[in-house]
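For reference, the chains in residue letters:
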Amino acid sequence: MAVRVGLIGYGLAGRVFHAPLFAKAGLELAAVASSRPEEVKKDYPDAKVYATPQELFGDEAVDLVVVAAPSDLHYPLTLEALAAGKHVVSDKPFTSSVLEADAVIAAAEKANRIVSCFQNRRWDSDFLTLRKLIEDGVLGEVHSYRAHFEFFRPEVSDIWQDQPGKATGLHYDLGSHLIDQALVLFGTPDWLSADIASQRPGGKVIDGFHIRMAKGRQRIDLMASVLSPDFSTRYAVHGTQGSYMKKHMDIQEEQLRGGMTPEDPGYGIESEDRWAKVTSLVKGKLFARQEPSIPGAHYEYYRGMGEAIERGGRPPVLAEEARQTIRMIEAARQSSEEGRRIEFS
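None of the values given here were measured: they were computed from a predicted structure.

Visitor: So, the overall build of the protein: which residues are in play, and what are the values?
Guide: When you go through the protein residue by residue, the secondary structure sums to 10 helices and 15 strands. Principal-axis analysis of the C-alpha atoms gives the protein an extent of 65 × 50 × 40 Å. Scored against the burial criterion, the 345 residues of the protein give a buried share of 52%. Taking all contacts inside the protein whose residues are at least 6 apart in sequence as the whole, residues at least 24 apart take part in 70%. A total accessible area of about 15400 Å² is found for the protein, and carbon and sulfur atoms account for 50% of it. Across the protein, 41 positive and 49 negative side-chain charges occur, with their mean positions spaced 5 Å apart.

Visitor: So what's going on with helix α5 (residues 98-111)? Residues and values would help.
Guide: Across its 14 residues, α5 extends 20 Å between first and last C-alpha, which sits within 8% of the 20 Å expected from 1.5 Å per residue. Buried within α5 are the following residues: V98, E100, A101, V104, I105 and A108. Down the axis of α5, the smallest arc covering the buried residues is 160°, so these residues share one side. Projecting away from the buried face of α5 at angles above 90 degrees are the exposed residues L99 and K110. Among the structural elements, α4 (74-83), β6 (115-117) and α10 (319-338) are those in contact with the buried residues of α5.

Visitor: Pulling in residues and values, what's your account of the packing of aromatic side chains?
Guide: By convention here, two paired aromatic rings are described through the distance between centres and the angle between planes. Counting across every chain of the model gives 10 aromatic pairs. Each ring, one from Y301 and one from Y302, has its centre 5.1 Å from the other, and the planes form 85°; the classification is edge-to-face. We classify Y301 as buried; its relative accessible area is 0%. On the basis of relative accessibility, which here comes to 0%, the residue Y302 falls in the buried class. Through a chain of ring-to-ring contacts, three or more aromatic side chains come together here, namely F22, F118, W123, Y301 and Y302. Above the plane of the ring of Y299 lies K24, whose end atom (NZ or CZ) is 5.6 Å from the centre.

Visitor: Outline the sheet that holds strand β11 (residues 235-239), listing residues and values.
Guide: Ordered in space as β14-β13-β12-β11-β7-β10-β9-β8-β15, the 9 strands form an open sheet in which the pairing is mixed. Each of the sheet's edge strands pairs with one partner strand only, and the pair in question is β14 (285-291) and β15 (342-343). For strand β13 (residues 276-282) and β14, the ladder comprises 7 bridges, and the chain directions are antiparallel. Paired with K277 across the bridge in β14 is Q290. Lying over the sheet, helix α6 (residues 125-135) contacts β7 (142-150), β11, β12 (242-246), β13 and β14, oriented at roughly 180° with respect to β12. Here α10 sits on the sheet and contacts β8 (191-197), β9 (208-215) and β15; the angle it forms with β8, its principal contact strand, is near 70°.

Visitor: Run through the nonpolar core, naming residues and quoting values.
Guide: In terms of nonpolar packing, the biggest core is built from 98 residues, with L64, Y145, L222 and Y302 touching the most fellow members. Ignoring sequence-local partners within four residues, the contact set of Y302 consists of H18, L21, F22, A25, L27, L64, V66, V89 and F118.

Visitor: Help me get a handle on a nonpolar patch on the surface, residues and values and all.
Guide: Taken together, the side chains of F152, L227 and F231 present a nonpolar region at the surface, about 270 Å² in accessible area. By secondary structure assignment, the location of L227 is in the loop between β10 (218-225) and β11. For L227, a relative accessible area of 31% corresponds to the partly exposed category.

Visitor: Which residues make up unusual backbone geometry, and what values do they have?
Guide: The peptide bond linking K92 to P93 adopts the cis configuration, its omega dihedral lying at 0°. Checked against the element boundaries, P93 lands in the loop between β5 (87-90) and α5. Even without glycine at this site, K283 takes up a positive phi of about 50°. Position of K283 among the secondary structure elements: in the loop between β13 and β14.

Rules used throughout
Residues numbered from 1 in each chain as written. Predicted model: local features only at pLDDT ≥ 70, side-chain atom pairs only at ≥ 80, totals over all residues. Heavy atoms only, no water. Helix = DSSP H or I, 4+ residues; strand = E, 2+ residues; numbered from the N terminus. Buried < 20%, exposed > 50% of the residue type's maximum accessible area, 1.4 Å probe, protein only. Contact = heavy atoms within 4.5 Å. Areas by Shrake-Rupley, 256 points an atom, 1.4 Å probe, with all protein chains shown as cover. Lys, Arg positive; Asp, Glu negative; His and termini not counted. Charge placed at Lys NZ, Arg CZ, Asp CG, Glu CD. Expected span 1.5 Å × (residues − 1). Arc of directions from axis to C-beta. Phe/Tyr/Trp six-rings, centres within 6.5 Å; stacked < 30°, edge-to-face > 60°. Lys NZ or Arg CZ within 6 Å of the ring centre and 35° of its normal. Pairing = 2+ DSSP bridges. Axes fitted to C-alpha atoms, helices over the stretch in contact; angles between N-to-C directions. Core = buried A, V, L, I, M, F, W, Y, C linked by side-chain atoms within 4.5 Å. Patch = residues over 30% accessible without salt bridge, like charges linked within 9 Å, V, L, I, M, F, W, Y side chains within 5 Å. Salt bridge = Lys/Arg side-chain N within 4 Å of Asp/Glu carboxyl O.

So, in structure tokens, the structure goes:
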């Protein structure tokens, strides 16, 4: 029997970025806790709909709870779900602090359940391609890594992401992805320095940041902003044997927002005009080419979760890895406030 999922929240995150992935991953959406029962029933007529997360936690048929609620609810809802004996996936950010992350990890150990964070960007097309190039030695030793998430949203809106609150702001949102990707590739840095700010007129939360990390001679620059009319830089990665230059964002978010699902033809596949430019050193000469993108596959995160629950293996994102990302976010905030580097032992 497939792992049965209980989804908390049917807003943008739950409806667009989580629910469409389950079927392709071999999971079953069994229940949803939402204030929008008509929308849920229209899309998933066989799913039970509960008015509150607590009612969903009491459903004995649910194996895995996915928390796709606003960021300030991730921590308390994750703890409640674990106490109810469920495996849990929390959307990012995992928690608002390392102290909270430690409490979640302890609760998961006590309940003998898996807890993980939805770091779907590990399965972005561009990141999969870059990771393979690095692992295959095509770029040589990477000495400069620059990754951007940039958009153009100059007006402050009424959505909860633009309002002050626990674990809100771009450093917790897109920062969770950028930091996680860097940690996957390079591990814990030697030091971190950051500048985080609210730049939009009338802005109430962090909407831009520049985080610089170092590991030996290597320099890692992570940048995000909602004030970028020309958001044409995704990656600029340079190594001793080559470079990886990418302009376009992974296509999966665009496809999911447009109603495509992972089961549709063409999902996750980038057209040639979106491929990265790779420059390689061959026999002392530099050669440039367009590098075919590995298809994006956000659903592989949930395939990995299903396998971990059914077979007792390693989840696709460890809770300890999610904790480390939160540690870096806290360090970035401290660095920006105090105007100094934060060293890591």
